[in-house]
Amino acid sequence: MTNYSPDDAELIARWRGGEERAATALVERHAQHVARFVASLGERDEVEEVVQDTFVRAFGSLDSFRGESSFRTWLLTIARNLVRDRQRGRKRTRLHVEIQDDDIVSSSDALEGTVATETEQRLRAAVATLSPMQRSIFTLRVTEGLSYKEIAIAVGSTEGAARVHYHNAMRAIREKIDE
Amino acid sequence: MSECTDGELRDLLPELVNGRLDAETQRAVEAHVAGCEECAEELALLRSLRPVLMREPEVDARKIAAAVHAQSALQPRRDAVRPHVSAPWRVAIAAAALLAVSAIGYAVVRRGSGSEEVAVVHAGDSIPKDTAHGTAPAPVVATPRAAPVHEPPQQVAVTPPHGAAPGAAAAASVGVLDNLSDLSDDDVRSLTASLDGMSSVPDADASAGIDPLGATLDDNSSGGGGT
């Protein structure tokens, strides 16, 4: 017996047809990826809330999804907009700088509670030195294997800029590790 | 360490790590990496970094799915619940609503004027002349049709009541909002009788004269409805 796994387009069609389980399958398939992206953008403390908002918004406006990008890339775009709105809100309340400064620390703090090897700690520390934009692009490239075009859509940038950010990030990490 | 001489293949290392290359491209990249020290080192770094970056954070997908279902219950799916109304039909529905409002408005005017409706004459209507008496026409203020004649109220000739003296013409000059109490009952009955025979009473269909639906319905009937 083969384990048939419908693709995103089929699940979306099923959900539109009233099959609730299709939405569950889509969430289970993409939630972790969206969460990683959200965390890479600096939203570490409220990742699940942002991910949840992302899916609620996505399914609430699924009619606007034309399939021009992959469903995951579309989700990432929504997530990025939500994070940006949150960060703007913090900026208005003058907390933005504090949180950005804290973010680098929290990336390292996230190691606590896990048994990390020395190599892993060095890798994490190197990634933590990246700017939020570098980190999000680098994470999408390394963990998802997204193309620069897909990344550009997700982060609201250009392919060229995404490529430059990725290579700068790679260089910075290598330099940090070689220290 | 030798530096990479093929940036294009080097740029595909993340895709290689994520298994997103087709078989042919994968073989080409792997062959390149086998002879490129820099790419081999970068590939090893990527393979070390990926699980580190993948590890966090954990989210509860079932909880998120439950929130999606709860929200969709509050805001039903458009496709599943709300019937699609094509653009032509939206125009038709809007026009029908306009007709209904106009008809009601006209009915209210008629009721409000009671027997005085005989004085409601519309611009452009042809009104027969009482040639039997040959008296001078008495002006009556007319109203434009309920729709969509955009002319201002005009003075039009109306046959004066029987036996009206020339001087009475001025007295019979009434507007639609004026009272006809200056006319005798006989005068009113006579005027009513003469007007009843005319075709100038406003149509109940206030949209007569316009055809907002014509093109739309034609489009619709020819299958031109939008989707």
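Keep in mind that this is a model prediction, so the values were computed, not measured.

A. Inspection of the overall build of chain A at higher detail. Regarding its fold elements, chain A presents 9 helices and 0 strands. Taken from the N to the C terminus, the helices and strands of chain A come in the order α-α-α-α-α-α-α-α-α. Burial analysis of chain A (179 residues in total) assigns 37% to the buried set. Contacts in chain A between residues at least 24 apart in sequence constitute 60% of all its contacts with a sequence separation of at least 6.

B. Region of interest: the overall build of chain B. Each helix and strand counted, chain B has 10 helices and 2 strands in total. For chain B, the sequential pattern of α-helices and β-strands runs α-α-α-α-α-α-α-β-β-α-α-α. Within chain B, the proportion of its 227 residues that are buried is 19%. Of the contacts made within chain B by residues no fewer than 6 positions apart, 66% connect residues no fewer than 24 positions apart.

C. Highlighting helix H6 (residues 118-128) of chain A. The set of residues buried in H6 of chain A consists of Leu-123, Arg-124, Ala-126 and Val-127 of chain A. Within H6 of chain A, the buried residues cover an arc of 160° as seen down the axis, which keeps them to one side.

D. Here's a closer look at the environment of Arg-20 of chain B. Residue placement: Arg-20 of chain B occurs in the loop between helix H2 (13-17) and helix H3 (23-35). In contact with Arg-20 of chain B, other than residues within four places in its own chain, are Gly-145 of chain A together with Glu-15 of chain B.

E. Spotlight on helix H7 (residues 132-144) of chain A. Between the first and last C-alpha of H7 of chain A there are 17 Å, a value that for 13 residues agrees with the 18 Å anticipated at 1.5 Å per step. Counted residue by residue, H7 of chain A has 11 buried out of 13 residues, so it is predominantly covered. For H7 of chain A, the set of buried residues is Gln-134, Arg-135, Ser-136, Ile-137, Phe-138, Thr-139, Leu-140, Arg-141, Val-142, Thr-143 and Glu-144 of chain A. Lining the buried residues of H7 of chain A we find helix H2 (20-40), H6, helix H8 (148-155) and helix H9 (159-178) of chain A together with H2 and helix H4 (37-54) of chain B. One or two positions beyond H7 of chain A, positive phi appears at Gly-145 of chain A, with a value near 70°.

F. Structural context of the confidence of the model for chain B. All names here are of chain B. In this model, chain B carries an average pLDDT of 63, and 41% of its residues clear a pLDDT of 70 or more. Contacts from residues 80-84, a stretch scored under 50 in pLDDT, to residues over four places away or in other chains number 2 contacts. With pLDDT under 50 throughout, residues 199-227 is counted as low confidence; its partners more than four residues away or in other chains account for 48 contacts. Two summary scores accompany this predicted model of the complex, namely pTM at 0.55 and ipTM at 0.76.

G. Broad picture of the nonpolar core. Core analysis: the largest hydrophobic core is formed by 52 residues, its most contacted members being Val-27, Val-34, Val-38, Val-51 and Ala-79 of chain A together with Ile-64 of chain B. Top element by residues in this core is H2 of chain A. It accounts for 10 residues. In this structure Val-27 of chain A touches Phe-55 of chain A together with Ala-61, Ile-64, Ala-65 and Val-68 of chain B, once residues within four positions along its chain are discounted. Counting 8 residues, the second largest nonpolar core, distinct from the first, contains Cys-4, Leu-16, Val-29 and Cys-36 of chain B.

Quick notes on the rules
Residues numbered from 1 in each chain as written. Chains lettered and ligands numbered in written order. Predicted model: local features only at pLDDT ≥ 70, side-chain atom pairs only at ≥ 80, totals over all residues. Helix = DSSP H or I, 4+ residues; strand = E, 2+ residues; numbered from the N terminus. Buried ≥ 20, exposed ≤ 12 C-beta atoms within 10 Å, placed from the backbone. Contact = placed C-beta atoms within 7 Å. Arc of directions from axis to C-beta. Expected span 1.5 Å × (residues − 1). pLDDT = per-residue confidence, 0-100. Core = buried A, V, L, I, M, F, W, Y, C linked by C-beta atoms within 7 Å.

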